[in-house]
Each structure stands twice: as C-alpha cells, then as structure tokens.
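Residue strings, one per chain:
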Amino acid sequence: MPPILQLTSASKSFGRGYAQTTVLRDLNLTVEEGDFVSIIGYSGTGKSTLINLVAGLLKPDTGTAKMDGADIKGPGPERGIVFQNYSLLPWLTVTENVRLAVDQIFPKMSEKERADRAAEYIDMVKLTPASGKLPRELSGGMRQRVSVARTLAVNPRILLLDEPLSALDALTRATLQDEIADIWQKNRTTVIWITNDPDEALLVADRVIPLLPGRDGATLGEEITVDLARPRDRKQLLGMLEFKDLKLRLVNTLLGAKKDSTPVVTKKLSPPDILPEDLAKPRSSSFFDRPAPRRRSQLHREELQIEV
Ligand SMILES: Nc1ncnc2c1ncn2[C@@H]1O[C@H](COP(=O)(O)OP(=O)(O)OP(=O)(O)O)[C@@H](O)[C@H]1O
C-alpha cells in the first residue's frame, strides 16, 4: 500500500527570471497513516510553503506530492488545516462555526447527527460551556480550540497544523499541546505539525524533521525519532537526560544549518582619504582662510633607517 503522503524530489520557487527564489529544494518525505510528524524550522524557511504543497494549495515545480499514491491536485476535506490565526467566522458562534464545516462535508447526515457531531468535537476541545459564544468573546487559546474542533469534526485523514499555537502565551500553548497530543492518542489521525519551537516538536511528535535553510532553498534534514512513552508528562520530560539529548541534537542541527546558509562576505575596508582636523590647533573664524583638508594620499612619509 502506498504511504498516505509522499513528497518526492519536490521543489518550489517563487518569482520569475532574475527575481526567482527557490524556497524548497528537493524535498523527500514519507508519512505513514497514523504518524505524528513535526516539521521544525526558522521563520521564513518555507514551512508554510511545504504545508501548502501537502494541502494542495500549491503545486511543486519539480518532483511530486502524492496522497495514497495519487498526485495531490488541490485542497480536499481529507486534509484539514489549522492555521496560526484561527480563521473563524466572527459573526457565528462556536457551535455555528463548527456546524458550518460539518454541514458542508456531511450534507446527507440528519440534522440531529450533524448537531451531535458538532457537539462531540466541541466537547473534545473542552468548549461546551462556551458553545454559544462569538469568537470575539473567546480568548486566543479558546479560538484555536474551536479551529481544531472544526477541522477534526470533518474527519480529515491528515491534520495539518501550521504553527497553530504561535500566537498564544507559553502556558496556554503548553495546555493546548497536551490536549492536541491527547486527542491524537485517541483518534490516531495522521498529523503534520509545523513549528519553530524545539520543545514543542519533541513534546508532541514521534518524528521530528528539521527544515534546514540553504543558499539554494531549504531542504529536509535528518529525522529525529522521539521514542518517548505517551501520554507525555512535560514536567518530567523537560528534566530527563534523554529529552535534553534529543533537544541538543535538534538545536545543533538547526544552528549548524543556519551558519552554513549564511554567505561569508569578505570586505576590504579603506579608511577615508580626508584626515581628521586637529581641533586643538587654533583656526581662523573665516571660512575662506581655513586650510584645505589634509588628504591621506598626499601625505609624504619619510622613512629613517637607524642602525642599532
Ligand atoms: N506566494 C508567494 N509568493 C512569493 N514568495 C512567497 C510566497 N509564499 C511564500 N513566499 C516566500 O517564501 C519564503 C518562505 O515563506 P513561508 O511562509 O513558507 O516560510 P515559513 O517558514 O512558514 O515562515 P514563518 O515561520 O515566518 O511563517 C519567504 O521568503 C516568503 O517570502
């Protein structure tokens, strides 16, 4: 059986002619059903571009992006995305936001089945008490929970999380990381989680793959397998030697790639030709009486050789 998702030698550039920039170069990625993969990289490396290739919002210029062995031709409900910025409809309540998605994907279900489904997923993200509220009445963390519920409620086979928690404070982030990891443990929906935070990547995923910047586009680096038991206890893990080792490996890979991708510029600095004026010397108050500036190139140096 082909893998649920496969990128083969996939590259993506933007712009044309001299202005063309290769963002992703020669990516090879295989994701099996039920995998929890995290892709980690610096800001601007091309993480969202990668997710867009998988989501079908972009096509690779060369190479292929396939789901179940077939070319990804466009977006589809089997690939659900949660973006950084919640993207909820502001005039609809929590329930209505989730219902809208459920109604679109399951038009043949009865009214009750659709209502139950929306309620089930709102409950899964612990928002039942807020189900009648509008997005503006919710905190950032609650809004992102609604996004997750809405995406999961349409039963995607792959959940694509594009830095879903980056707008949240550290404590809310931690709570939501644990909650999403718990949901994954129950559902086993294939997850690709994009992040720029090494702790987040190692705490939630089983496979962490760095997206490394390069002079000619970003490439995927060596994968780190996170073989840590679930449910993961962050307090315990953060103090564990095994976790610290994994983090060091990951951070070193990322830092090394950043150094390699920064071009070394050698520049010869020449001091200005005009020499500084000696301000200790008295000078005329008239502009026209002032001597012309001294130039380094006009300096006459005398060399004296002495025998000792
Ligand atoms: N549609 C586009 N047209 C032109 N350039 C683009 C387009 N989309 C992305 N880029 C460029 O590609 C590069 C990678 O962008 P991308 O958003 O994929 O990075 P990222 O790693 O997700 O960044 P961040 O973590 O800051 O969201 C950037 O230099 C960006 O300007």
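For clarity, every value in this text was computed on a predicted model and none was experimentally measured. (Residues numbered from 1 in each chain as written. Predicted model: local features only at pLDDT ≥ 70, side-chain atom pairs only at ≥ 80, totals over all residues. Heavy atoms only, no water.)

**Some details on the site of the ligand**
Rules: For each residue, the test is whether any non-hydrogen atom lies within 4 Å of the molecule or strand; if one does, the residue is near. Pairs of N or O atoms are called polar contacts if they sit within 3.5 Å, as long as, within protein, a hydrogen donor faces a hydrogen acceptor (for residues adjacent in sequence, only side-chain-to-side-chain pairs). Only the protein chains shown count as covering a residue, and every accessible area follows the Shrake-Rupley method with a 1.4 Å probe. To qualify as a helix, a DSSP run of H or I must reach at least 4 residues; to qualify as a strand, a run of E must reach at least 2; elements of each kind are numbered from the N terminus. Just so you know the grouping, Ala, Val, Leu, Ile, Met, Phe, Trp, Tyr, Cys and Pro go in nonpolar, Asp, Glu, Lys and Arg go in charged, and all remaining residues, Gly too, go in polar.
Contacts to the ligand come from Phe14, Val23, Tyr42, Ser43, Gly44, Thr45, Gly46, Lys47, Ser48, Thr49, Gln84 and Glu163. Gly44 is positioned with one of its backbone polar atoms (N or O) 2.8 Å from an oxygen atom of the ligand. Contacts to the ligand include Glu163, whose side-chain N or O atom sits 2.8 Å from an oxygen atom. The protein chains hide 54% of the 630 Å² of surface that the ligand would expose on its own. With 3 residues, the single largest contributor to the shell around the ligand is helix H1 (residues 47–55). In the shell around the ligand, the residues fall into 3 nonpolar, 7 polar and 2 charged.

**Points about the nonpolar core**
As a reminder of what qualifies: The term nonpolar core refers to a set of buried residues drawn from Ala, Val, Leu, Ile, Met, Phe, Trp, Tyr and Cys, joined through side-chain atoms within 4.5 Å. When a residue's accessible area, from a 1.4 Å probe over protein chains only, is under 20% of the maximum for its type it is buried; when over 50% it is exposed; and in between it is partly exposed. Note on definitions: a residue-residue contact is assigned when non-hydrogen atoms from the two residues lie within 4.5 Å.
With 46 residues, the main nonpolar core has Val98, Trp193, Leu202 and Val208 as its most contacted residues. Sequence-distant contacts of Leu202, that is, excluding residues within four places in its chain, are made with Val208, Ile224, Val226, Arg232, Phe243, Leu246, Lys247 and Leu250.

**Here's the deal with the packing of aromatic side chains**
Formally: Aromatic pairs are defined between Phe, Tyr and Trp rings, using the six-membered ring for Trp, whenever the two ring centres lie within 6.5 Å; interplanar angles under 30 degrees are classed as stacked, those over 60 as edge-to-face, and all others as tilted. Placement of a charge over a ring requires the Lys NZ or Arg CZ to be within 6 Å of the ring centre, with the centre-to-atom vector within 35 degrees of the ring normal.
Counted under the stated rule, the structure contains 2 aromatic pairs. Each ring, one from Phe36 and one from Trp184, has its centre 5.2 Å from the other, and the planes form 65 degrees; the classification is edge-to-face. In this pair, Phe36 is assigned in strand E3 (residues 36–40) and Trp184 in helix H5 (residues 170–187), connecting sequence segments 148 residues apart. What makes Trp184 buried here is its relative accessible area of 3%. Each ring, one from Phe36 and one from Trp193, has its centre 6.1 Å from the other, and the planes form 25 degrees; the classification is stacked. Note that Phe36 is positioned in strand E3 and Trp193 in strand E8 (residues 190–195), a separation of 157 residues in sequence. A relative accessible area of 1% places Phe36 in the buried class. These aromatic residues form a ring-pair network of at least three members: Phe36, Trp184 and Trp193. A cation over a ring is seen here: Arg188 above Trp184, with NZ or CZ 4.3 Å from the ring centre.

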